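Understanding the architecture of this molecule
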Amino acid sequence: GDVKIQIRSGNTSDLPNAEWYGPDGTRGTFFETPDGDIIPSIIQGKRYLQYRLVIESNQVASPSLDSITIRHGN
């Protein structure tokens, strides 16, 4: 199985209309690299950030996620 992540951001905590993005700044990609990816510029500089997980499981193995770290730096 796989665990994939997308993120979205905005300047208010209510983000129902914000689009979900992957590492290349498009809706069709997902963060899947265990060592991390750079957050795309399209969602940088916003006050709030949300993430969602897409978990794909099969009959043989179920994926697990131990932690998520989002680092902000200058």
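As the structure is a prediction and not an experimental result, all values here were calculated from the model.

1. Points about the environment of isoleucine 43
By secondary structure assignment, the location of isoleucine 43 is in the loop between strand 1 (2–10) and strand 2 (48–56). Overall, the relative accessible area of 5% leaves isoleucine 43 in the buried class. As for isoleucine 43 and glycine 10, which are separated by 33 residues in sequence, their C-alpha atoms are 7.6 Å apart. Excluding its chain neighbours within four sequence positions, the residues that come into contact with isoleucine 43 are Ile7, Ser9, Tyr21 and Leu49.

2. Focus on the packing of aromatic side chains
As enumerated under the stated definition, the model contains zero aromatic pairs in all. Looking at lysine 4, its charged tip hangs above the ring of phenylalanine 30, at a distance of 4.4 Å from the centre.

3. A look at the environment of arginine 27
Within the secondary structure, arginine 27 sits in the loop between strand 1 and strand 2. Remark: the alpha-carbon pair of arginine 27 and arginine 52, spanning 25 residues in sequence, is separated by 13 Å. Once residues lying within four places of it in the same chain are set aside, the contact partners of arginine 27 are Gln6, Glu19, Trp20 and Tyr21.

4. A look at the pattern of salt bridges
Following the criterion strictly, the structure yields two salt bridges and no others. Residue lysine 4 is joined to glutamate 56 by a salt bridge in which the shortest nitrogen-to-oxygen separation is 3.2 Å. In this pair, lysine 4 is assigned in strand 1 and glutamate 56 in strand 2, connecting sequence segments 52 residues apart. A relative accessible area of 34% places glutamate 56 in the partly exposed class. Note that arginine 27 is salt-bridged to glutamate 19, the shortest N-O span being 3.8 Å. Accessibility expressed as a relative area gives 38% for glutamate 19, which makes it partly exposed.

5. Notes on a nonpolar patch on the surface
A cluster of nonpolar side chains, Leu49, Tyr51, Leu53, Ile55, Leu65 and Ile70, forms an exposed patch at the surface whose accessible area comes to about 520 Å². Counting through the fold element by element, leucine 49 comes out in strand 2. Leucine 49 sits in the partly exposed class, given a relative accessible area of 34%.

Here is what the cut-offs are and how they apply
- Residues numbered from 1 in each chain as written.
- Predicted model: local features only at pLDDT ≥ 70, side-chain atom pairs only at ≥ 80, totals over all residues.
- Heavy atoms only, no water.
- Helix = DSSP H or I, 4+ residues; strand = E, 2+ residues; numbered from the N terminus.
- Buried < 20%, exposed > 50% of the residue type's maximum accessible area, 1.4 Å probe, protein only.
- Contact = heavy atoms within 4.5 Å.
- Phe/Tyr/Trp six-rings, centres within 6.5 Å; stacked < 30°, edge-to-face > 60°.
- Lys NZ or Arg CZ within 6 Å of the ring centre and 35° of its normal.
- Salt bridge = Lys/Arg side-chain N within 4 Å of Asp/Glu carboxyl O.
- Patch = residues over 30% accessible without salt bridge, like charges linked within 9 Å, V, L, I, M, F, W, Y side chains within 5 Å.
- Areas by Shrake-Rupley, 256 points an atom, 1.4 Å probe, with all protein chains shown as cover.

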